[in-house]
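Each chain, written out:
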Protein chains: 2
Amino acid sequence: MAVARRTSRDIRSDSRLIVVRALLAAGESTRAALAEDTGLSPATVSAVVGDLLGSGVAAEAGLLSGTVGRPTTGLRLNPDRGRVVGVYVEDRHFQATVFDAALRRLANVHVTAPAPVEAADDVIDRIARTLDTALAEAGASHEDVLGVGVLLPGGMQRPVKSALAPDAIWLHLDRLRDRLGLPVVVDNPLKAIAAAELWLGAGRRCASVVVANLGEGVGAGIVQDGAVVRGATGTAGEWGHSLLVFDGRACQCGRRGCAEAYVGVPGIRRTLAETAPGHPLLDVPLPGFAAALAAAAESGDPAAASAVERTAHYLGAALADLVAIVNPEVIALTGWAAAELGALVLPVAERRVRDDAPGDAAASLVIEPSHSSGMEGIAAIALERFMRDAGLVTTRVLPAL
Amino acid sequence: MAVARRTSRDIRSDSRLIVVRALLAAGESTRAALAEDTGLSPATVSAVVGDLLGSGVAAEAGLLSGTVGRPTTGLRLNPDRGRVVGVYVEDRHFQATVFDAALRRLANVHVTAPAPVEAADDVIDRIARTLDTALAEAGASHEDVLGVGVLLPGGMQRPVKSALAPDAIWLHLDRLRDRLGLPVVVDNPLKAIAAAELWLGAGRRCASVVVANLGEGVGAGIVQDGAVVRGATGTAGEWGHSLLVFDGRACQCGRRGCAEAYVGVPGIRRTLAETAPGHPLLDVPLPGFAAALAAAAESGDPAAASAVERTAHYLGAALADLVAIVNPEVIALTGWAAAELGALVLPVAERRVRDDAPGDAAASLVIEPSHSSGMEGIAAIALERFMRDAGLVTTRVLPAL
Ligand SMILES: [Zn+2]
Ligand SMILES: [Zn+2]
């Protein structure tokens, strides 16, 4: 990560990624249309298309009759180049989604374990079985798999909170790789959603996009100039653990006053507890809390409405910090802001962002729900990783894994 | 700014900038050494060197005898391609520095006006005269000037705080350009220092560098993957106006609780005033305050020592936010942290950064004084702008100016 210089290989790599993404967006295209879409020269497009055809990543799609002149050869990503599998692991949930090599979803399997799965071996075992089931559903075999992308909360360099799985899988990646016998890439869900925005979402039209996730945990994924920002230790985007209140509430990360301690779901519950101790909503378990709070606020419960209002100001202020430092064109929201509570919180939060952001930094900012999925993102990352292993790109995707 | 796609021109541009920066760093080099230094292919280096020789940006430097084999032709930036002038304007100060086209300093003139210069016409007039004096000192004429870079506090998109110059010059750039009759680029000092880090400093060895300035104002300049991050409206890096204390002290930007209101010099004075109202140091004017506070703390004044200690914690927490969000390899400090107060504040601040940063984000972080100058940075930006106008690069330097 430490070298700023870009080499000829990086430059060829950029062109190839640009063309792959353009093909993905277009579904079917031509060399001329790709040159038009990407701004690359016709000669570069021809060379890149040759490389992609040669490696089977792209395929010819038969003759397309243009509006004028003779028909030209159509191009598309080659769905049959192989399969890419996204795996999601959290708590008792094990999910595997099989994609073709044009990133179209073929099959999905979601297994909920009856009890928490604690031993790393058990987690690895369940991942392997969920993946096998999904491959069977998709009519695919192990030999078809170009890569597996595993979405794991937390991160490589973050201290694992407990010795219990699935968090601890970060410590056992070699065993996971050995057990699966497949190329494995692991990333945290927010980096994956950011990758999905880059490949398939707002990143297609904007140079600078921030995905902000509001759940029990809070974090951001940053896309800048055609790449997901990773930073020196792979942890860029830890917005949830940037400061909202100096020496404020204790955060689960150990710091005091982090944004997550105010706009994460447990933090919202704490806001309610501060103003209305003993409120019956405080007994609602976390997974249902945001929706219950929204319902109560809408039905006129003043304590709920006040907690919603305070949360909106906390969120707006925290988003304004992202605007101050990163100054993105788009903030794409996932988690509770995009669901239950969003409709109540966002109008006030957005006003606060615009009030708090320095100068005109938020003048053209768009705040919108993210339509991107972490599964698609991790599949895109796994595909990029496959292209790296095939010598097509020099990606900086998780060099350590 | 809104288009993420990179074109063939961008890619050629990257190669040219890479070679120019390598020549700048090396002083004198060869095609083979440039390929070695940059990782570009020998063919790319040859093509780029041809372009640079053709436009006069580079020149042959005579034969160099290598350690083995026949002598090869040396290459260097061509200092005589022209002159680049950096101009600094703030309050009563007007400074102009003339560089050759290899960014070597030829002459510097610093004029302090006897009274505040308020009318835009007067400011423009003083800029023109200071520039002319500096050119005369350097034995250069207007015809030699490839570009002028003006360092102005504030920014294009930030509201001008008063109708008074020099801040208001942002509103009168056309008149400045007309009056000088030269290509003019304007940037704020932190973006310029970041450019200097990128061209000549830590950015040469690291992909991700943040320059953090601590003066009366507070801000950051972010270098990522070979470019200064500008953001959607050119205001990325407004770290000074990110939150330290939700609804805390009033900041001059209008928001409450910004980092600047605590770690800017007026904020430090306010910290002292809070714990020691009536303290004699509170009468020291701002420009000397940081040094006076450092001296008092070192001579055992407990109130001064306490203000230093609190400032260190504020600074550490604020820097930890930069680490959380950007996760840089290096934070390069300018302003008071690099001068008077730094020795007292930094050890505690650095410990706080490492405590507060999420997970291992600060594990390999280097915090160091910046040795880069805004004048060199604005000269580099002006040179880059010249190369853009010459069709050599597709820079995103200040597209609006
Ligand atoms: Zn935290
Ligand atoms: Zn402020």
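Residues numbered from 1 in each chain as written. Chains lettered and ligands numbered in written order. Predicted model: local features only at pLDDT ≥ 70, side-chain atom pairs only at ≥ 80, totals over all residues. Heavy atoms only, no water.

Caption draft 1: The relation of the copies chain A and chain B, seen in detail. For the pair chain A and chain B, the superposition axis carries a translation of 0.0 Å, the fit reaches an RMSD of 0.0 Å, and the rotation angle comes to 180 degrees. Overall, the copies show the geometry of a two-fold rotation axis. Using C-alpha coordinates, one finds that chain A approaches the rotation axis most closely at Val245 of chain A, a distance of 2.2 Å. Most of the interface of chain A is mirrored in chain B, where 100% of its interface residues are also at the interface. (Least-squares fit on C-alpha atoms with pLDDT ≥ 70 in both. Contact = heavy atoms within 4.5 Å.)

Caption draft 2: Layout of the environment of Ala115 of chain A. Residues and elements named next belong to chain A. Structurally, the position occupied by Ala115 is in the loop between strand E5 (105–112) and helix H4 (120–137). Judged by its relative accessible area of 40%, Ala115 falls in the partly exposed class. Measuring from C-alpha to C-alpha, the distance between Ala115 and Asp91 comes to 9.3 Å, with 24 residues separating the pair along the chain. (Helix = DSSP H or I, 4+ residues; strand = E, 2+ residues; numbered from the N terminus. Buried < 20%, exposed > 50% of the residue type's maximum accessible area, 1.4 Å probe, protein only.)

Caption draft 3: Structural view of the domain arrangement of chain A. All names here are of chain A. Looking at the assigned domains, one finds that chain A contains domain 1 (8–77), domain 2 (82–193 + 374–389) and domain 3 (202–369). Each partner contributes to the interface: domain 1 provides 6 residues, whereas domain 2 provides 6 residues. Contact between domain 1 and domain 2 buries roughly 500 Å² in total, counting both sides, with carbon and sulfur atoms accounting for 79%. Applying the counting criterion to the domain 1 and domain 2 interface returns 1 salt bridge. (Domains from an automatic or database assignment. Buried area = accessible area lost by both parts, 1.4 Å probe. Salt bridge = Lys/Arg side-chain N within 4 Å of Asp/Glu carboxyl O.)

Caption draft 4: Structural view of the sheet that holds strand E10 (residues 227–228) of chain B. Residues and elements named next belong to chain B. Spatially, 5 strands are ordered E10-E9-E8-E11-E12 in an open sheet, and the strand pairing comes out mixed. Unpaired on one side and paired on the other, E10 and strand E12 (366–369) mark the two borders of the sheet. The strands touched by helix H10 (residues 302–326) within the sheet are strand E8 (208–214), strand E9 (218–224) and strand E11 (330–335), with E8 carrying the most contacts at an inclination of about 155 degrees. (Pairing = 2+ DSSP bridges. Axes fitted to C-alpha atoms, helices over the stretch in contact; angles between N-to-C directions.)

Caption draft 5: Summary view of the packing of helix H9 (residues 286–298) of chain A against helix H10 (residues 302–326) of chain A. Residue and element names in this part refer to chain A. The interhelical angle for the contact between H9 and H10, taken along N-to-C directions, is 115 degrees, at an axis separation of 7 Å. Considering how the two elements wind past one another, H9 and H10 form a crossing that is left-handed. Here Leu293, Ala296 and Ala297 of H9 lie close against H10, whose contacting residues are Ala304, Ala305, Ala307 and Val308. Residue composition of the contact of H9 with H10, grouped by class: 7 nonpolar, no polar and no charged. (Left-handed = near helix turned anticlockwise from the far one by under 90°. Nonpolar A, V, L, I, M, F, W, Y, C, P; charged D, E, K, R; others polar.)

Caption draft 6: Quick peek at the interface of chain A and chain B. Taken together, the 68 residues of chain A in the interface contact 68 residues of chain B. Summing both partners gives a buried area of about 5,200 Å² for chain A against chain B, and 54% of it is carried by carbon and sulfur. Looking only at chain A, the three residues that lose the most surface to chain B are Phe246, Arg255 and Ile325 of chain A, adding up to 14% of its buried area. At the junction of chain A with chain B, the criterion picks out 6 salt bridges. Asp247 of chain A is the salt-bridge partner of Arg352 of chain B, the closest N and O atoms lying 3.2 Å from each other. Elements with a minimum of two residues in the side of chain A that touches chain B: helix H1 (8–26), helix H2 (31–38), strand E9 (218–224), H10 and helix H11 (342–356) of chain A. Broken down by element, the residue count for the side of chain A that touches chain B peaks at 9 residues, all from H10 of chain A.

Caption draft 7: Structural context of the coordination of the zinc ion (ligand 2). All names here are of chain B. Taken together, His241 (ND1), Cys251 (SG), Cys253 (SG) and Cys258 (SG) make up the protein donors of the zinc ion (ligand 2), found 2.0 to 2.3 Å from the metal. With 4 donor atoms in place around the zinc ion (ligand 2) and angles of 103 to 120 degrees between them, the coordination shape is tetrahedral. Counting the intervening residues between successive donors of the zinc ion (ligand 2) yields the motif H-x9-C-x1-C-x4-C. Using a relative accessible area of 0% as the deciding quantity, one classes Cys258 as buried. (Donors = N, O, S within 2.8 Å, 3.2 Å for Na, K, Ca; no water. Tetrahedral: all angles 85-135°; square planar, octahedral: opposite > 155°, others 65-115°.)

Caption draft 8: Representation of the packing of helix H6 (residues 189–200) of chain B against helix H12 (residues 374–389) of chain B. Residues and elements named next belong to chain B. Two elements in contact, H6 and H12, have axes whose closest approach is 7 Å; the angle formed by their N-to-C orientations is 75 degrees. With respect to H12, the axis of H6 lies roughly perpendicular. In this structure, H6 contributes Lys191, Ala192, Ile193, Ala195, Ala196, Trp199 and Leu200 to the contact, and H12 contributes Gly374, Glu376, Gly377, Ile378, Ala380, Ile381, Leu383, Glu384 and Met387. (Parallel < 35°, antiparallel > 145°, perpendicular 65-115°, else oblique.)

Caption draft 9: Representation of the coordination of the zinc ion (ligand 1) within the structure. Residue and element names in this part refer to chain A. Around the zinc ion (ligand 1), the protein contributes the donor atoms His241 (ND1), Cys251 (SG), Cys253 (SG) and Cys258 (SG), which lie 2.0 to 2.3 Å from the metal centre. Note that the zinc ion (ligand 1) binds 4 donor atoms; their angles at the metal cover 103 to 120 degrees, and the shape is tetrahedral. Sequence positions of the residues that donate to the zinc ion (ligand 1) give the spacing H-x9-C-x1-C-x4-C. Taken as a pair, His241 in the loop between strand E10 (227–228) and helix H7 (260–263) and Cys251 in the loop between E10 and H7 lie far apart in primary sequence, 10 residues in all.

Caption draft 10: The environment of Ala212 of chain B, seen in detail. Residues and elements named next belong to chain B. You can see Ala212 is positioned in strand E8. Relative accessible area serves as the criterion here: at 0%, Ala212 is assigned to the buried category. Each C-alpha atom, one on Ala212 and one on Ile331, is 6.7 Å from the other, the two residues being 119 residues apart in sequence. In this view, Ala212 contacts Gly219, Ala220, Trp239, Leu319, Ile331, Ala332, Leu333 and Thr334; residues no more than four positions away in its chain are not counted.

Caption draft 11: The packing of aromatic side chains, seen in detail. In this structure the tally under the stated criterion is 4 aromatic pairs over all chains. Of the aromatic side chains, those joined through ring pairs into one cluster are Phe246 of chain A together with Tyr262 and Tyr314 of chain B. Across the ring face of Phe94 of chain A, the terminal group of Arg126 of chain A is positioned such that the distance to the ring centre comes to 5.9 Å. (Phe/Tyr/Trp six-rings, centres within 6.5 Å; stacked < 30°, edge-to-face > 60°. Lys NZ or Arg CZ within 6 Å of the ring centre and 35° of its normal.)

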